[in-house]
Amino acid sequence: MKLSEKIQYLRNKDGMSQEMLAEKCSVSRQSISKWEMDISLPDTEKLLKLSYIFGVTIDVLLKDELAVDGVKDNKSCSTSLSTENEGIYEGVLIKESIDNEDILDYISVNKVELWKTKNNPRYWTAITFSSNVVDLPERFSKVIISDESKGVNWFVDFKKNNVKYIIFRGLILKYTVGNIDEKNNVIEKCRNQGIPDYQMNWSE
């Protein structure tokens, strides 16, 4: 299904007219009509608005092979979103740190690299990603591997606006970038999870 077809499908699914969607996207009804007839494409800003309005990832909108059914419905995501819910999560995920690949349906993969290690396995798959799924931290906290019997406690770190997130299995930590007290508190909690200091040099 092409982008033009997905816009029309999702608009109808949510019971919106072209006029209603145009108002939410701050464009004319003719623009919506052109998008749906595949005459023109929405720019990046409008794609972000569409993904918020329909509650789907940008990947779902842009990739023909990805279906639109069964994704998170989030009708409250619109141009009137609160500041807390605005912005995009950005970070790097080690694919071997998750036990359920369904989480990949909720992120946009921007780059994939192989990182050589001194351990077993010899390589990790590093995925640079972005996502506008509002409850992404909660979703990650359910799939990050924690196996006490093997001494393995993975975490993923990412950022949205000026908030840094450190996610363990069942534990979501965050601090405001630049707030030393908040950061030190998070670092101490990471130490309690058995994370050595050298692994906490995450980018901000």
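The rules we used
Residues numbered from 1 in each chain as written. Predicted model: local features only at pLDDT ≥ 70, side-chain atom pairs only at ≥ 80, totals over all residues. Heavy atoms only, no water. Salt bridge = Lys/Arg side-chain N within 4 Å of Asp/Glu carboxyl O. Buried < 20%, exposed > 50% of the residue type's maximum accessible area, 1.4 Å probe, protein only. Helix = DSSP H or I, 4+ residues; strand = E, 2+ residues; numbered from the N terminus. Contact = heavy atoms within 4.5 Å. Pairing = 2+ DSSP bridges. Axes fitted to C-alpha atoms, helices over the stretch in contact; angles between N-to-C directions.

The name given to the protein in an unreviewed UniProt entry is Helix-turn-helix transcriptional regulator, with Clostridium rhizosphaerae as the source organism.

J.: Quick question: what am I supposed to make of the pattern of salt bridges here?
T.: Between side chains of opposite charge, a pair can form when the charged atoms approach closely. With the rule as written, the count across this model stands at 12 salt bridges. Residue arginine 139 is joined to aspartate 135 by a salt bridge in which the shortest nitrogen-to-oxygen separation is 3.1 Å. On the basis of relative accessibility, which here comes to 21%, the residue arginine 139 falls in the partly exposed class. A relative accessible area of 22% places aspartate 135 in the partly exposed class. Across the pair aspartate 157 and lysine 164 runs a salt bridge whose closest N-O atoms are separated by 2.9 Å. We note that aspartate 157, like lysine 164, is buried.

J.: Hey, could you run me through the side chain of serine 108 in this one?
T.: Residue position: serine 108 is located in strand E2 (residues 108–116). With relative accessibility at 11%, the residue serine 108 sits in the buried group. The contact partners of serine 108, leaving out residues within four places of it in the chain, are Ile58, Asp59, Thr128, Phe129 and Ser130.

J.: Quick question: what am I supposed to make of the sheet that holds strand E8 (residues 171–176) here?
T.: Consider a sheet: its strands pair through backbone hydrogen bonds, and that pairing is either parallel or antiparallel. Here we have six strands laid out as an open sheet, ordered E2-E3-E1-E6-E7-E8, and antiparallel in their pairing. Only two strands of the sheet have a single neighbouring strand rather than two, namely E2 and E8. Each strand of the sheet is rotated relative to its neighbour by a mean of 20 degrees, with strand direction disregarded. With eight bridges connecting them, E2 and strand E3 (residues 123–131) associate as antiparallel partners. Within E3, the position partnered with valine 109 by the bridge is phenylalanine 129. Relative to E8, helix H7 (residues 180–192) is tilted by about 155 degrees, and along the sheet it contacts strand E7 (163–168) and E8.

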